[in-house]
There are 2 protein chains.
Amino acid sequence: MDGERVGMLLMHLGRDVDARLRRQLSVYGLTPRHGFTLSHLCDNGPTSQQSLLDVLDVDPSVLVAILNDLENAGLAERKRDPEDRRRHIVEMSEQGRTALTAMQGTIDTIERELLADLSPADADQLRSLLSKVRSPGDTSCAGD
Amino acid sequence: MDGERVGMLLMHLGRDVDARLRRQLSVYGLTPRHGFTLSHLCDNGPTSQQSLLDVLDVDPSVLVAILNDLENAGLAERKRDPEDRRRHIVEMSEQGRTALTAMQGTIDTIERELLADLSPADADQLRSLLSKVRSPGDTSCAGD
DNA sequence: TATTGTTATACTCTATAACTATA
DNA sequence: TATAGTTATAGAGTATAACAATA
């Protein structure tokens, strides 16, 4: 339970990064989740809400709220899928692209702060090791 | 904003570890914060609430709730400081020690899962690098 | 009947401010 | 007047379940 454990370090650092990013993004009236959503739309193009659910790993009702916010801010838009009118296709707007760029600048700043005491080689090493950490939720055997 | 950044990795991993630990500890009716509190009491002996506030970095009202829970569960006890009757001295009980041991077992399990794909040397390296990451809240110049 | 998305609701965590008692 | 701790309350964030539209 002490602060030396990797799990504890991850918890505390993750919490701090989240709080910091949340505070910075609140200037735009957005949260980290809004940012992830725009980021995914930018990388993958128009997407159904279902696939956003998979990527963001949030409750459907949470995604509805996120998309409502993005639509009200003019950053994204929902359209009916003509092939299956139950589905929505979510697409980001030009304004959304601009907002995403601003947000990426914000997180770049945080990133530089986090890594201020590490050499570039150490930072790469850290990135590599972190990507090898197995997220508890990842365990393929669902038996718990 | 993509998942490659260290900050994003920390956010996601930290969130997962927290969720996992919270779920496991709910068996005992406790949260990670209860665990940290007991852990600090174990390492440092009887402590004033003020110094717990510094270590846990929570709002005073949150600490009150944590200590109420621990007292109701018989895991810790508040006593008046005879030298300054405004102060409370918080002390863990034998039951508290037993509960802490159980919780440490839980987090050890999570820790092993997290590091399952890393060699012992990699795990040490990761621990070392993480401890060099500067938490955004740490910045000594409060100007923001 | 099953699926996509939505709404309404409740529950947890946290933050704020007002309060008590001691100094 | 200032400090240690407490209480009451409100605000986020999230999860649950019931619902409408479409397949």
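Residues numbered from 1 in each chain as written. Chains lettered and ligands numbered in written order. Predicted model: local features only at pLDDT ≥ 70, side-chain atom pairs only at ≥ 80, totals over all residues. Heavy atoms only, no water.

The name given to chain A in an unreviewed UniProt entry is MarR family transcriptional regulator, with the source organism recorded as Lentzea sokolovensis.

**Student:** Would you take a moment to explain the pattern of salt bridges for this structure?
**Tutor:** Any two side chains of opposite charge can pair, so long as their charged atoms come close to each other. Residues and elements named next belong to chain A. For the structure shown, the criterion picks out 24 salt bridges over all chains. Linking R22 and D18 is a salt bridge whose minimum nitrogen-to-oxygen distance equals 3.4 Å. Residue R22 and its partner D18 are located together in helix 1 (residues 6-25), separated by four residues, close to a single helical turn. A salt bridge links R97 to E94, with the nearest nitrogen and oxygen atoms 3.5 Å apart. Linking R97 with E94, this pair stays in helix 5 (residues 94-114), spanning three residues, or about one helical turn. With a relative accessible area of 36%, R97 lands in the partly exposed category. Counted as one network, the salt bridges with shared partners bring together D84, R86 and R87. (Salt bridge = Lys/Arg side-chain N within 4 Å of Asp/Glu carboxyl O. Helix = DSSP H or I, 4+ residues; strand = E, 2+ residues; numbered from the N terminus. Buried < 20%, exposed > 50% of the residue type's maximum accessible area, 1.4 Å probe, protein only.)

**Student:** Is there a simple way to think about the relation of the copies chain A and chain B in this case?
**Tutor:** In this structure, two copies of a chain are linked by a rotation about an axis accompanied by a shift along it. The transform that puts chain A on chain B rotates by 180° and translates by 0.0 Å along the axis, for an RMSD of 0.1 Å. Taken together, the rotation angle and the small translation identify this as a two-fold axis. For chain A, the minimum C-alpha distance to the rotation axis belongs to G14 of chain A and amounts to 2.2 Å. Mapped onto chain B, 100% of the interface residues of chain A are again interface residues, and the two copies thus contact each other with one and the same surface. (Least-squares fit on C-alpha atoms with pLDDT ≥ 70 in both. Contact = heavy atoms within 4.5 Å.)

**Student:** Whenever I open this one, the protein's contact with DNA strand D confuses me. Can you help?
**Tutor:** Taken together, 17 residues lie near DNA strand D, and R22, D59 and S61 of chain A together with R15 and H88 of chain B sit nearest. In DNA strand D, the atoms that sit within 4 Å of the protein are 73% sugar and phosphate, with bases accounting for the remainder. Between Q49 of chain B and DNA strand D, the recorded distance is 3.0 Å, taken from a side-chain N or O atom to a phosphate oxygen. Within the residue set of the surface near DNA strand D, elements represented by two or more residues are helix 3 (49-56) and helix 4 (60-72) of chain B. With three residues, the single largest contributor to the surface near DNA strand D is helix 4 of chain B. Its residues placed into classes, the surface near DNA strand D shows two nonpolar, five polar and 10 charged. (Near = heavy atom within 4 Å. Polar contact = N/O pair within 3.5 Å; in protein donor to acceptor, adjacent residues only side chain to side chain. Nonpolar A, V, L, I, M, F, W, Y, C, P; charged D, E, K, R; others polar.)

**Student:** What is the right way to look at the interface of chain A and chain B in this model?
**Tutor:** Reports of interface size often rely on the accessible area that becomes lost once the parts have come together. Listed as interface residues are 51 residues of chain A and, on the opposing side, 51 residues of chain B. Between chain A and chain B lies a buried interface of about 5,400 Å² when both sides are counted; carbon and sulfur atoms form 65% of it. Seen at the junction of chain A and chain B, the total is six salt bridges. The residue K132 of chain A makes a salt bridge to D122 of chain B at a minimum N-O spacing of 3.2 Å. Here chain A is connected to chain B by 12 residue pairs in polar contact (both at pLDDT 80 or more). At the level of elements, helix 1, helix 2 (32-44), helix 5 and helix 6 (120-132) of chain A are the ones that each hand at least two residues to the side of chain A that touches chain B. Residues belonging to the side of chain A that touches chain B are distributed by class as follows: 24 nonpolar, nine polar and 18 charged. (Buried area = accessible area lost by both parts, 1.4 Å probe.)

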